[in-house]
Amino acid sequence: MRRVTVAALVLGVLGTPAAPAAPAAPATPAAPPRPAGYRSAPDARPVRAGAVLPGPGTYTDSIARGETRTYRVRLDGSSNVFLSAVLAPAPGSAVDVVDGVSLSLRTASGLLCGMRTDIRLYGDTPRPVADYVSRRVEAGRDCQEAGEYDLVVEGVGRGGDDGRRGPWRWDLELGYVVEPAPGPGDGPPPAPTVWSTEPPASFGEGSAGPGRAAHGGTGFNDAAPLAGAGTWRDELRPGESRFYRVPVAWGQQLFARARFGNATAPPGRSALPDGLRLALYNPARGAVDERKGLYTGDPATLLLATAPAAYANRSEGATDAVSAMRFAGSYYLQVSLDRQAPTAVPLALDLALPSVSAAWAGQEDAGPARGSDPVSGSGPAPGSDSVSGSGPGSRSARGDAAAPGPDPVLRAVGIAGISTGTVLVASLAAWPLLATRLSRSRSRARPRPRGRHARGA
């Protein structure tokens, strides 16, 4: 009997079908890693409000909404000066479309030197934004005298915190760049009055292939060098901005196309307005132009085209975008992805750098005569760097434009030959046609520039 009972128990255990296993809980997708924060120049010097900025270089501070921070600068009466500010909210910060800073240069008595520059985020994704004010030495302009001036930075934003975000305080990087003004009677040579707004026929050739790998930097100081025309590939993470530097010579235009690959649609909505951005800055960190587009998860393209780089664009450019193409040297592309994008997005950058005419090739040293370097006190040799950045360690833009490694633009890297340029005259009406039909070359009447370049900034 015992054997039968044991056998029955064994049969019962072995013969009973196993209960189905409980379904595993769906895996929670890992949150995308937070983008890296803005990297300041390795030789940047920390300063506080009220400090004297002793000379060309890069300086760091921070600023809060509603705060005004003033820095003193001592200017001579013979050099052009460009003073920039980079506002760099930390990744993950709660930001508002109107957050930013206002920048102005004033006399010791408070009078404005030209127009004030407003720098805004214009979105809810934190990213570095920058621009400059300047003092140009030229008859009839303001603030021509040597002496002490004030660089005034005001933190601005929407008032009345609603509990979702408190008052902000973000990193601020200041840049101080000088260039010798042209000598008396030394004007730039005649310049072409037309250029094409249509990319060259070879633009994007081979873009279906693998392209060259690039890894964009966090800002101006570690921007990835792109050696010229071609296609580069990278990847953008949600909330990330990546920077690339491109050498642009006198008389060259820059055509840049950002192609965003297939990705995941934003959850719960069909699109993220302005979720894709492509911006361009000049060697002194002045804003040139920006393109924005919807993020839907589908492939998308943003195209940006510039006027040719010309010294006289600073006074004869028809728009702010044309006027900002006033330097030869390293220009900076910034590509950004909205923080609400659910996944990383493949990125391809197509670049073309056509010259406006063959006659302009190799004329880097034509144009206004160079004065002595106001920092070193020695006259630069022909073809050498004529703009002073952060003093010791400054490098020539022409020799460094395609070199790897960090590129502190305010150490004169981006603005070599800044005062040796040539003039290109822009067409106000030609530029709006770019987005609609990429019109052929044409010449139009040029109204005076408005905004921050209206009075020679």
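Residues numbered from 1 in each chain as written. Predicted model: local features only at pLDDT ≥ 70, side-chain atom pairs only at ≥ 80, totals over all residues. Heavy atoms only, no water.

Whenever I open this one, the overall build of the protein chain confuses me. Can you help?
Of regular secondary structure, the protein chain possesses five helices and 20 strands. For the protein chain, buried positions account for 51% of its 457 residues. Restricting the contact set of the protein chain to residue pairs at least 6 apart, pairs at least 24 apart contribute 76%. When the accessible surface of the protein chain is summed, it comes to about 19,200 Å², and 56% of that surface belongs to carbon and sulfur atoms. (Helix = DSSP H or I, 4+ residues; strand = E, 2+ residues; numbered from the N terminus. Buried < 20%, exposed > 50% of the residue type's maximum accessible area, 1.4 Å probe, protein only. Contact = heavy atoms within 4.5 Å. Areas by Shrake-Rupley, 256 points an atom, 1.4 Å probe, with all protein chains shown as cover.)

Just checking my understanding: could you explain the pairing of strand β9 (residues 147–156) for this structure?
The side chains of a regular strand alternate between both faces of the sheet. Here eight bridges tie strand β4 (residues 68–75) to β9, and the two strands are oriented antiparallel to one another. Residue L75 lies in a different strand from β9, and its bridge partner there is G147. (Pairing = 2+ DSSP bridges.)

I would appreciate a short explanation of the packing of aromatic side chains in the present structure.
For any pair of aromatic rings, the description consists of the separation of the ring centres together with the inter-plane angle of the planes. Overall, the coordinates contain seven aromatic pairs when judged by the stated rule. Aromatic pair W168 and W170: ring centres 4.2 Å apart, planes at 5°, arrangement stacked. We note that W168, like W170, is buried. Aromatic pair F220 and Y332: ring centres 5.3 Å apart, planes at 70°, arrangement edge-to-face. Taken together, the residues F220 in the loop between β11 (212–213) and β12 (224–225) and Y332 in strand β19 (residues 329–337) connect sequence positions 112 residues apart. Across the pair, exposure class does not vary: F220 and Y332 are buried alike. An aromatic cluster of three or more residues is present, and its members are F220, F243, Y281 and Y332. (Phe/Tyr/Trp six-rings, centres within 6.5 Å; stacked < 30°, edge-to-face > 60°.)

Is there a simple way to think about the side chain of T117 in this case?
Assignment of secondary structure puts T117 in strand β7 (residues 117–120). A residue is classified by how much of its surface remains accessible, and T117, at 2% relative accessible area, is buried. Only 3.0 Å separates the side chain of T117 from the backbone oxygen of Y132, close enough to count as a polar contact. (Polar contact = N/O pair within 3.5 Å; in protein donor to acceptor, adjacent residues only side chain to side chain.)

Just checking my understanding: could you explain the nonpolar core for this structure?
Across soluble globular proteins, nonpolar side chains have a tendency to be buried as a group. In this structure, Y244 and F260 are the most contacted members of the largest nonpolar core, which totals 42 residues. Taken together, the elements giving at least two residues each to this core come down to β13 (230–236), β14 (241–248), β15 (255–260), β16 (272–281), β17 (287–295), β18 (300–305), β19 and β20 (345–352). Aside from chain neighbours lying at most four places away, what touches F260 is L236, L276, R277, D298, P299, A300, L302, V335, V345, P346 and L347. Counting residues in each nonpolar core, the second largest holds 40 residues, with L83, L121, Y149 and W168 among its members. (Core = buried A, V, L, I, M, F, W, Y, C linked by side-chain atoms within 4.5 Å.)

Quick question: what am I supposed to make of the sheet that holds strand β6 (residues 100–107) here?
In any sheet, the strands associate via hydrogen bonds between backbone groups, in a parallel or an antiparallel arrangement. Ordered in space as β2-β4-β9-β6-β7, the five strands form an open sheet in which the pairing is mixed. Single-partner strands in this sheet number two, and they are β2 (52–53) and β7. In this sheet, β7 lies alongside β6 in antiparallel orientation, the contact comprising four bridges. Pairing of V101 across the sheet is with I119, part of β7.

Just checking my understanding: could you explain the sheet that holds strand β1 (residues 45–46) for this structure?
Pairing in this open sheet of five strands is mixed, and the strands run β1-β3-β10-β5-β8 from one edge to the other. Looking at the sheet topology across the chains shown, the edges are occupied by β1 and β8 (129–135).

Explain the pattern of salt bridges here, please?
Pairing of side chains with opposite charge becomes possible as their charged atoms draw close. Using the criterion set out here, one finds 23 salt bridges in the structure. Between R69 and E67 there is a salt bridge whose closest N-O contact spans 2.8 Å. Residue R69 shares its accessibility class with E67, and that shared class is buried. Put simply, R158 and D96 hold a salt bridge, and the shortest N to O gap is 2.9 Å. Of this pair, R158 sits in the loop between β9 and β10 (169–180) while D96 sits in the loop between β5 (79–88) and β6, and the two are 62 residues apart along the sequence. The exposure class assigned to R158 is partly exposed, which follows from its relative accessible area of 44%. What makes D96 buried here is its relative accessible area of 16%. It is possible to trace a salt-bridge network through shared partners that takes in R48, D61, E67, R69 and R169. (Salt bridge = Lys/Arg side-chain N within 4 Å of Asp/Glu carboxyl O.)

What is the right way to look at the confidence of the model for the protein chain in this model?
Close inspection of predicted coordinates is inappropriate in any region flagged by low pLDDT. For the protein chain, mean pLDDT is 76; residues scoring 70 or higher make up 65% of the total. Per-element confidence in the protein chain is highest for β1, whose mean pLDDT is 98, and lowest for helix α4 (residues 397–400), whose mean pLDDT is 30. Note that residues 1–29 has pLDDT below 50 and, in this model, one contact with residues that lie over four places away or in other chains. Predicted confidence for residues 358–448 stays below pLDDT 50, and this span has 272 contacts to residues more than four positions away or in other chains. (pLDDT = per-residue confidence, 0-100.)

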